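Chain and residue survey
Below are the chains, spelled out letter by letter.
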Amino acid sequence: MESTLVAIGGKGTNPKTTLYVGGLDECVTESILNSAFISFGDIKDVSIPLDHATGKHRGFGFVEFELKEDAADAIDNMHNAELYGKVLKVNYAQPIKIKGGDKGWSHQPVWADADKYFEELDKEGEEDGGDAKQNDIADMAEV
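Calculation criteria
Residues numbered from 1 in each chain as written. Predicted model: local features only at pLDDT ≥ 70, side-chain atom pairs only at ≥ 80, totals over all residues. Heavy atoms only, no water. Helix = DSSP H or I, 4+ residues; strand = E, 2+ residues; numbered from the N terminus. Buried < 20%, exposed > 50% of the residue type's maximum accessible area, 1.4 Å probe, protein only. Contact = heavy atoms within 4.5 Å. Areas by Shrake-Rupley, 256 points an atom, 1.4 Å probe, with all protein chains shown as cover. Pairing = 2+ DSSP bridges. Axes fitted to C-alpha atoms, helices over the stretch in contact; angles between N-to-C directions. Patch = residues over 30% accessible without salt bridge, like charges linked within 9 Å, V, L, I, M, F, W, Y side chains within 5 Å. Salt bridge = Lys/Arg side-chain N within 4 Å of Asp/Glu carboxyl O. Lys, Arg positive; Asp, Glu negative; His and termini not counted. Charge placed at Lys NZ, Arg CZ, Asp CG, Glu CD. Core = buried A, V, L, I, M, F, W, Y, C linked by side-chain atoms within 4.5 Å.

Let's talk about the overall build of the protein chain
Scanning the protein chain from terminus to terminus reveals five helices and eight strands. Helices and strands in the protein chain line up, N terminus first, as α-β-α-β-β-α-β-β-β-β-β-α-α. For the protein chain, buried positions account for 25% of its 143 residues. By sequence separation, contacts in the protein chain at least 24 residues apart represent 61% of the contacts at least 6 residues apart. Accessible surface, the protein chain as shown: approximately 10,300 Å² in total, 52% of it carbon and sulfur.

Dropping the structure here:
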């Protein structure tokens, strides 16, 4: 039997402990999800996001384990398993910040990194003796 860690080994070691659990039936609660995964190790947190419009969950949830080995065991055993008559999809959860794969879409506004940009601009200005900053200001004044 092929281990999940071996299957993702080509991408480097995945230290994640949070799992995405998809394909949940409407009647599944956080308590039921916790009970289904507790046999694989100590669980830090279980959450099932709700749809704001309907008040029901959207068919997926997250389970966070204390240890990454426990998370890997849960993936090995629960991916494609059945819970309340529905087949589960269990994978490592994606980071909250960036979704969209190579495109790197973010949930942050464009100006969220403005402070970092201005710090880098100041560093460049200091290295150039302030000439770069003066040129930028002059260019902005012309527009």
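Some details on the sheet that holds strand 6 (residues 89-92)
The sheet built from four strands is open, its strands ordered 2-3-1-6 with antiparallel pairing. Every interior strand has two partners, whereas the edge strands, strand 2 (43-47) and strand 6, have only one. Across this sheet, the average inter-strand angle for adjacent strands is 20°, counted without regard to direction. Direction of pairing for strand 1 (residues 18-22) relative to strand 3 (residues 60-65): antiparallel, over a ladder of five bridges. Considered in strand 3, the bridge of T18 is made with E64. Sheet strands in contact with helix 3 (residues 68-78) are strand 1, strand 3 and strand 6, and its direction is about 155° off that of strand 6.

Things to note about a negative patch on the surface
A contiguous patch of negative charge, built from D115, E119, E120, E124, E126 and E127, is present on the exposed surface. With respect to the helices and strands, D115 occurs in helix 4 (residues 114-127). The class for D115 is exposed, based on a relative accessible area of 59%.

Things to note about unusual backbone geometry
For N80, which is not a glycine, the phi torsion comes out positive at approximately 70°. Counting through the fold element by element, N80 comes out in the loop between helix 3 and strand 4 (82-83). Despite not being glycine, Y84 has its phi angle at roughly 55°, a positive value. Within the secondary structure, Y84 is located in the loop between strand 4 and strand 5 (86-87).

A few points about the environment of V46
The topology assignment puts V46 in strand 2. Overall, the relative accessible area of 11% leaves V46 in the buried class. For the pair V46 and E64, spaced 18 residues apart in the sequence, the C-alpha separation amounts to 6.3 Å.

Examining the nonpolar core
If you look at soluble globular proteins, the nonpolar side chains tend to sit buried side by side. Ranked by internal contacts, the top residues of the largest apolar core, which has 23 residues, are L33, F37 and F65. Of all elements in the fold, only strand 1, helix 2 (30-37), strand 2, strand 3, helix 3 and strand 6 reach the threshold of two or more residues within this core. Considering each element in turn, this core owes the most residues, five residues, to helix 3. The contacts of F37, once residues within four sequence positions are left out, are V21, I43, V63, F65, A74, M78 and V90.

Some words on the pairing of strand 3
Where strand 2 meets strand 3, four bridges bridge the pair, whose relative direction is antiparallel. Looking across to strand 3, one finds that I43 is bridged to F65.

None of the figures reported here should be taken as evidence of function without further support.
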